[in-house]
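Structure at a glance
The chain contents come next:
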Amino acid sequence: MSDESVRKVHKPNLVVEDEDMGLLETDETMTNQEFSSIFYNTAVFDENDGTMVFDAEVINKFKRVLLYQEKLEPLRERIICLQFEKYFEDEDVDRENSKEAIISLFEQCEIPGATIYASKENGEYVYVTCKTFRRMLKKLEDNTIKFLRPTGNEPVISLRLWAFDNDFDLSFKNEKLEISFHNSESDESNDENDEVQKKSTSQKSTKAKKESDNSQTKRTGTLTKGEYDQIFINNYVESGEDIEIKPSVLEKAEKLISNMEQVKSVREKFSYHNVRKFIEEDLNIDNLICDELKVMVNDRTVCKFKVYKTKEAEPKLYTNLFSFKILLTRAGSYYSLYLCGDKETFVNLNKWADESCAEIQIDKKSKTMKIIF
């Protein structure tokens, strides 16, 4: 008996036209075997192994896969952009002052030949393009970062804010930008910072638990962690996983984006509200003495920035809102990431330190300002 006689070939019954709007009506699954058969249809499957590509059911499913992916693509990009835009910077970037350097990531891997731009405010090399940032996170096995494709003029990423947000240390020396895990044992004992860390860890743990609960309990209208992860999977042939076609997730993802966009202004207003009491509107900056100091929170370096002081015996200290945002972020204030860093608005550091129960020490010889909690 020839091989032809044992083949079971299913002929299409009815292939749905591309223009048919009923392609996405209900959630369904396309097995990886069905998906693979589209590309490897020279293989003949045993009758019990699955349906071949010549079956209309497979062709229609594949069309729904394509349509689903087309609808997901802009949603992926918008979600990722909204997640990372807190690190975007434009006004402070000195595009005429850049260096080609190596970016070292936690002594695990390196990005050679990266262009790093300086800050106009303090000259530190902390900015990279989105393309370089994508390369970095790809090295760190973040597979969603490939969807970071901002529209319009591509902004640059503040590695300083990204490092602060994730509690990393960042230093630039010998043409190398080193990003490393922070060694908390090197810090001075600090109950308040410990409490902040515990609170942050607790919040992350609670968030992770909620995400886990959501993935198990699928509430109507809630985008579960499992569904969120599925949105960013598109390497089906390589993964060997079945493909979830979920029009219900499209609606949830669009709702998530809508909520993320609406909350942006709320975050900014809340951030400004928390620092407004330290801002002095009528400050005449020309009457103040300006020093560029290396600023430290306890024993941890923040960066260099300009500190202004009055000519009194016990001078009042000021800095602009841009530098204050960097200080707050390194001090562990998460809301400060959403503060608009205005360089023309000035903050009274003494008022902030008093309310925060902190002490400010300035060493004129080493040009250092140390803030101790």
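Residues numbered from 1 in each chain as written. Predicted model: local features only at pLDDT ≥ 70, side-chain atom pairs only at ≥ 80, totals over all residues. Heavy atoms only, no water.

This paragraph deals with the sheet that holds strand E10 (residues 289-297). The mixed open sheet is built from six strands, whose spatial order is E13-E12-E11-E10-E15-E14. Edge strands, defined here as strands with exactly one partner in the open sheet, are strand E13 (346-348) and strand E14 (359-363). The sheet shows a mean angle of 40° between the axes of neighbouring strands, taken without regard to direction. As defined by bridge partners, E14 adjoins strand E15 (residues 368-372) across five bridges and the pair is classed as antiparallel. When the sheet's bridge partners are listed, Glu 359 is paired in E15 with Ile 372. In the packing of helix H10 (residues 321-330) onto the sheet, contacts are made with E10, strand E11 (300-309), strand E12 (317-320), E13 and E15, and the angle to E11 comes to roughly 150°. (Pairing = 2+ DSSP bridges. Helix = DSSP H or I, 4+ residues; strand = E, 2+ residues; numbered from the N terminus. Axes fitted to C-alpha atoms, helices over the stretch in contact; angles between N-to-C directions. Contact = heavy atoms within 4.5 Å.)

Taken in spatial order, the seven strands make up an open sheet running E2-E6-E5-E4-E3-E8-E7, and their pairing is mixed. Taken across any chain shown, the strands that pair with only one partner, and hence form the sheet edges, are strand E2 (88-89) and strand E7 (168-173). Where strand E3 (residues 93-105) meets strand E4 (residues 109-119), nine bridges bridge the pair, whose relative direction is antiparallel. When the sheet's bridge partners are listed, Asp 94 is paired in E4 with Ala 118.

Attention now moves to the confidence of the model for the protein. Residues of the protein with pLDDT of at least 70 account for 81%, and the chain-wide mean is 81. With pLDDT under 50 throughout, residues 1-9 is counted as low confidence; its partners more than four residues away or in other chains account for six contacts. In this model residues 188-218 is a low-confidence stretch, pLDDT under 50, and it forms 20 contacts with partners more than four residues away in sequence or in other chains. (pLDDT = per-residue confidence, 0-100.)

Here we come to the environment of Asn 284. Position of Asn 284 relative to the elements: it lies in the loop between helix H9 (247-275) and E10. By relative accessible area, which is 39% here, Asn 284 ends up partly exposed. The spacing of Asn 284 and Phe 346 is 62 residues in sequence and 9.9 Å in space, taken between C-alpha atoms. (Buried < 20%, exposed > 50% of the residue type's maximum accessible area, 1.4 Å probe, protein only.)

What follows concerns the packing of helix H2 (residues 32-39) against helix H3 (residues 56-84). Direction vectors running N to C along H2 and H3 enclose 95°, while the axes themselves pass 10 Å from each other. Of the possible angle classes, the one that applies to H2 and H3 is roughly perpendicular. Between H2, through Glu 34, Phe 35, Ser 37, Ile 38 and Phe 39, and H3, the contact on the second element is made entirely by Val 58, Lys 61, Phe 62 and Val 65. Across the contact of H2 with H3, the residue classes break down as six nonpolar, one polar and two charged. (Parallel < 35°, antiparallel > 145°, perpendicular 65-115°, else oblique. Nonpolar A, V, L, I, M, F, W, Y, C, P; charged D, E, K, R; others polar.)

Moving on, we come to the environment of Leu 137. Note that Leu 137 resides in helix H4 (residues 130-139). The buried category is assigned to Leu 137, whose relative accessible area is 6%. Distance from Leu 137 to Leu 105, taken between C-alpha atoms, is 9.5 Å for residues 32 residues apart in sequence. Beyond its immediate chain neighbours, meaning those up to four positions away, Leu 137 contacts Phe 84, Asp 142, Ile 145 and Trp 162.

Take the side chain of Gln 69 next. Within the secondary structure, Gln 69 is located in helix H3. Given the relative accessible area of 14%, Gln 69 is considered buried. A polar atom in the side chain of Gln 69 sits 2.5 Å from the side chain of Arg 76. For Gln 69, the contacting residues outside a window of four places in its chain are Arg 76, Ile 233, Asn 234 and Tyr 236. (Polar contact = N/O pair within 3.5 Å; in protein donor to acceptor, adjacent residues only side chain to side chain.)

It is worth spelling out H4 at this point. Of the residues making up H4, those classed as buried are Cys 130, Thr 132, Phe 133, Met 136 and Leu 137. Buried positions in H4, seen along its axis, are confined to an arc of 160° and lie on one side of it. Immediately beyond the C-terminal end of H4, within one or two residues, lies Glu 141, with a positive phi of roughly 65°. (Arc of directions from axis to C-beta.)

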